[in-house]
Amino acid sequence: MRYVLLIFALTVALVVVIAGSRGGISRKPPIQIFSDMKKQMKLLPQKDDGFFADGRDWRLPVAGTIARGTPYQDWPVYTGRVSGLTNFIETIPVPVTEQLLARGRQRFEINCLPCHGPAADGNGVTKKLGMPTVANLHDKRIVELADGELFNTVTYGKGLMGAYGPNLVPQDRWAVIAYLRALQRAQLGMLDDVPAQFQAVLKK
Ligand code: HEC
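Residues numbered from 1 in each chain as written. Predicted model: local features only at pLDDT ≥ 70, side-chain atom pairs only at ≥ 80, totals over all residues. Heavy atoms only, no water.

1. What about the nonpolar core?
Working step 1: Membership of the largest hydrophobic core comes to 22 residues, with the highest contact counts inside it found for Ile 92, Phe 108, Ala 120, Leu 150, Trp 174, Ile 177 and Leu 180.
Working step 2: Secondary-structure elements contributing two or more residues to this core are helix 3 (98-111), helix 7 (147-156) and helix 8 (170-188).
Working step 3: Sequence-distant contacts of Phe 108, defined by excluding residues within four places in its chain, comprise Leu 113, His 116, Gly 117, Pro 118, Ala 120, Val 176, Tyr 179, Leu 180 and Leu 183. (Core = buried A, V, L, I, M, F, W, Y, C linked by side-chain atoms within 4.5 Å. Buried < 20%, exposed > 50% of the residue type's maximum accessible area, 1.4 Å probe, protein only. Helix = DSSP H or I, 4+ residues; strand = E, 2+ residues; numbered from the N terminus. Contact = heavy atoms within 4.5 Å.)

Structure follows, in structure tokens:
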């Protein structure tokens, strides 16, 4: 019986010594009874574990890797700028076809209409919901911007407007811009733009 008590007392002491020091601070490495996943084979980015011959655990990106968000190539179609320069290109660098305009209309109505409105005059639904400063895209200043600058605005956003680059591939951004130009042209139309036989009808 004495031994039983002794063993019991020793066990209690052992448990208190081990469990009681949990969370204590020490300079010595911790005693790990179950190491869980604290210790495992792995490569540490800033350390040479001797696994790779060149001593780098952190591998270099594959040749030709492009950082997220940077254009694929320095071509006007991807950047809206003259190659090698920061100047914006004046005109859309892809052929403006009927299909492109149709695509542009569809993409515009999905992505831009909620704020800029169907006619791009800044009267979208968000105005009613308390976003009063949406730009009217028929402002003279905006009509006169280079197409490349519009591309830049759509890609990266501007001021209060967010970036639409992540939602629209470059070809679609140009399509939206082509459609926007068509909307602007529609507002700037003159009587002389109408074929002669319809002018009389319009004048009535
Ligand atoms: C969530 C609302 C919202 C959406 C969606 C939106 N815009 Fe805008 N846009 C704004 C606001 C707000 C401004 C004014 C930004 C400022 O001056 O702070 C603006 C400004 C602009 C300008 C003028 C930039 C300048 O030079 O002043 C252009 C061009 C434009 N938007 C085009 C677009 C196109 C194209 C789309 C669709 C791809 C689009 N926007 C979608 C809110 C929006």
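2. Points about helix 1 (residues 2-20)
Working step 1: With 19 residues, helix 1 extends 26 Å from end C-alpha to end C-alpha; this agrees with the ideal 27 Å at 1.5 Å per step.
Working step 2: Of all the 19 residues making up helix 1, zero are buried; the element is thus mostly uncovered. (Expected span 1.5 Å × (residues − 1).)

3. A look at the site of the ligand
Working step 1: Surveying the vicinity of the ligand reveals 22 residues, the closest of which are Cys 112, Cys 115, His 116, Arg 141 and Met 161.
Working step 2: Within the contact set of the ligand, an oxygen atom lies 3.0 Å away from a side-chain nitrogen or oxygen of Lys 158.
Working step 3: At a separation of 2.9 Å, an oxygen atom of the ligand approaches a polar backbone atom of Leu 160.
Working step 4: Sorting the residues of the shell around the ligand by element identifies helix 4 (113-116), helix 6 (140-143) and helix 7 as the ones contributing at least two each.
Working step 5: A total of three residues in the shell around the ligand trace back to one element, the largest contributor, which is helix 7. (Near = heavy atom within 4 Å. Polar contact = N/O pair within 3.5 Å; in protein donor to acceptor, adjacent residues only side chain to side chain.)

4. What about the coordination of the iron atom of the ligand?
Working step 1: Distances from the iron atom of the ligand to its protein donors, namely His 116 (NE2) and Met 161 (SD), fall within the range 1.9 to 2.1 Å.
Working step 2: Around the iron atom of the ligand sit six donor atoms, and with donor-metal-donor angles ranging over 86 to 178° the site reads as octahedral. Here His 116 is found in helix 4, whereas its partner Met 161 is found in the loop between helix 7 and helix 8, with 45 residues between them in sequence.
Working step 3: The partly exposed category is assigned to Met 161, whose relative accessible area is 28%. (Donors = N, O, S within 2.8 Å, 3.2 Å for Na, K, Ca; no water. Tetrahedral: all angles 85-135°; square planar, octahedral: opposite > 155°, others 65-115°.)

5. What to know about the side chain of Asp 147
Working step 1: Its place among the elements puts Asp 147 in helix 7.
Working step 2: According to the relative accessible area criterion, Asp 147 is buried, its value standing at 7%.

6. Brief notes about the packing of helix 7 against helix 8
Working step 1: Where helix 7 meets helix 8, the axes come as close as 10 Å, and the angle between the chain directions of the two elements is 120°. The orientation of helix 7 with respect to helix 8, classified from their angle, is oblique. Like other packed secondary-structure pairs, helix 7 and helix 8 cross with a definite hand, here right-handed. Packed against helix 7, whose contacting residues are Asp 147, Gly 148, Leu 150, Phe 151, Val 154 and Thr 155, the element helix 8 presents Pro 170, Arg 173, Trp 174, Ile 177, Leu 180 and Arg 181 at the interface. (Axes fitted to C-alpha atoms, helices over the stretch in contact; angles between N-to-C directions. Parallel < 35°, antiparallel > 145°, perpendicular 65-115°, else oblique. Left-handed = near helix turned anticlockwise from the far one by under 90°.)

7. Observations concerning the side chain of Asn 152
Working step 1: Summarising the element assignment, Asn 152 is placed in helix 7.
Working step 2: Judged by its relative accessible area of 17%, Asn 152 falls in the buried class.
Working step 3: When near neighbours in sequence (up to four residues on either side) are disregarded, Asn 152 contacts Arg 81, Phe 88 and Gly 157.

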